[in-house]
Amino acid sequence: SQTIHQWPATLVQPVGSPLSLECTVEGTSNPNLYWYRQAAGRGLQLLFYSVGIGQISSEVPQNLSASRPQDRQFILSSKKLLLSDSGFYLCAWSVGLAAYEQYFGPGTRLTVT
Amino acid sequence: DAKTTQPPSMDCAEGRAANLPCNHSTISGNEYVYWYRQIHSQGPQYIIHGLKNNETNEMASLIITEDRKSSTLILPHATLRDTAVYYCIVRVANGNKLVFGAGTILRVKS
């Protein structure tokens, strides 16, 4: 069966510090991978998605970046965090162009102080 | 992708049916209606999707109007664990992106 992991579960970082969030998927090959962010009391915002290794599409201009070094690994990074980067970060995966279902991970709650 | 409009919140008594409406008046012929829900502090969970016909699975039923401009998600016997934010999303079948709006906060009360 397929599983998706995210770590860390919670993170408190000072403004200006770097960020690295990791997402890995098990039990499937060549998944589509997604990073979403949910600010407090807001809906989910798609940040990045990837259809293959090294292929990243950015949805929103910001100080975040994403990388996919391996087929089932998706990393969200920042060189310098802003207060506005606080939120709940969710990784998701799907398979195939016609996938109707995305499977979400447990999320990382990031607080920038 | 077409936009959707949902009421911000609804209440439902435990054991009763919860009917969550969604308007998508600008939906195109090749766009599907998807429903997800998000329980507090968890990732969203897929519920159901449909194109034209009504659909039913173990979680819910989806009723789509004949003109496809609106739909209703029905939870036949709501429980306290169904308290969540419910998102109605319109998307083409081979689209990669899910665009989440504000959704409807459903509160199931005993």
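The structure presented is a predicted model; accordingly, all values stated were derived computationally and were not measured.

Undergrad: Quick question: what am I supposed to make of the overall build of chain A here?
TA: The number of helices and strands found in chain A is 0 helices and 11 strands. Listing each helix as α and each strand as β along chain A from the N terminus yields β-β-β-β-β-β-β-β-β-β-β. Against the compact-globule benchmark of 13 Å for 113 residues, chain A has a radius of gyration of 13 Å, which places it among compact chains. Oriented by its inertia axes, the alpha-carbon framework of chain A measures out at about 40 × 25 × 20 Å. Relative to its 113 residues, chain A shows a buried fraction of 46%. In chain A, the proportion of contacts linking residues at least 24 apart, taken out of those at least 6 apart, comes to 55%. For chain A, the exposed area adds up to about 5,400 Å²; of that, 54% sits on carbon and sulfur atoms.

Undergrad: Teacher, can you tell me more about the sheet that holds strand β8 (residues 73-78) of chain A here?
TA: Backbone-to-backbone hydrogen bonds pair the strands of a sheet. The strands run either parallel or antiparallel. Residues and elements named next belong to chain A. Strands sit in the order β1-β3-β8-β7 across an open sheet of 4 strands; the sheet is antiparallel. Either end of the sheet is taken by a strand with one partner, and the two such strands are β1 (3-7) and β7 (64-70). Sheet twist, expressed as the average angle between the axes of neighbouring strands with direction ignored, equals 20 degrees. Direction of pairing for β1 relative to strand β3 (residues 19-26): antiparallel, over a ladder of 5 bridges. When the sheet's bridge partners are listed, Ile4 is paired in β3 with Val25.

Criteria and thresholds
- Residues numbered from 1 in each chain as written.
- Chains lettered and ligands numbered in written order.
- Predicted model: local features only at pLDDT ≥ 70, side-chain atom pairs only at ≥ 80, totals over all residues.
- Heavy atoms only, no water.
- Helix = DSSP H or I, 4+ residues; strand = E, 2+ residues; numbered from the N terminus.
- Rg over C-alpha atoms; globule rule 2.2 N^0.38 Å.
- Buried < 20%, exposed > 50% of the residue type's maximum accessible area, 1.4 Å probe, protein only.
- Contact = heavy atoms within 4.5 Å.
- Areas by Shrake-Rupley, 256 points an atom, 1.4 Å probe, with all protein chains shown as cover.
- Pairing = 2+ DSSP bridges.
- Axes fitted to C-alpha atoms, helices over the stretch in contact; angles between N-to-C directions.

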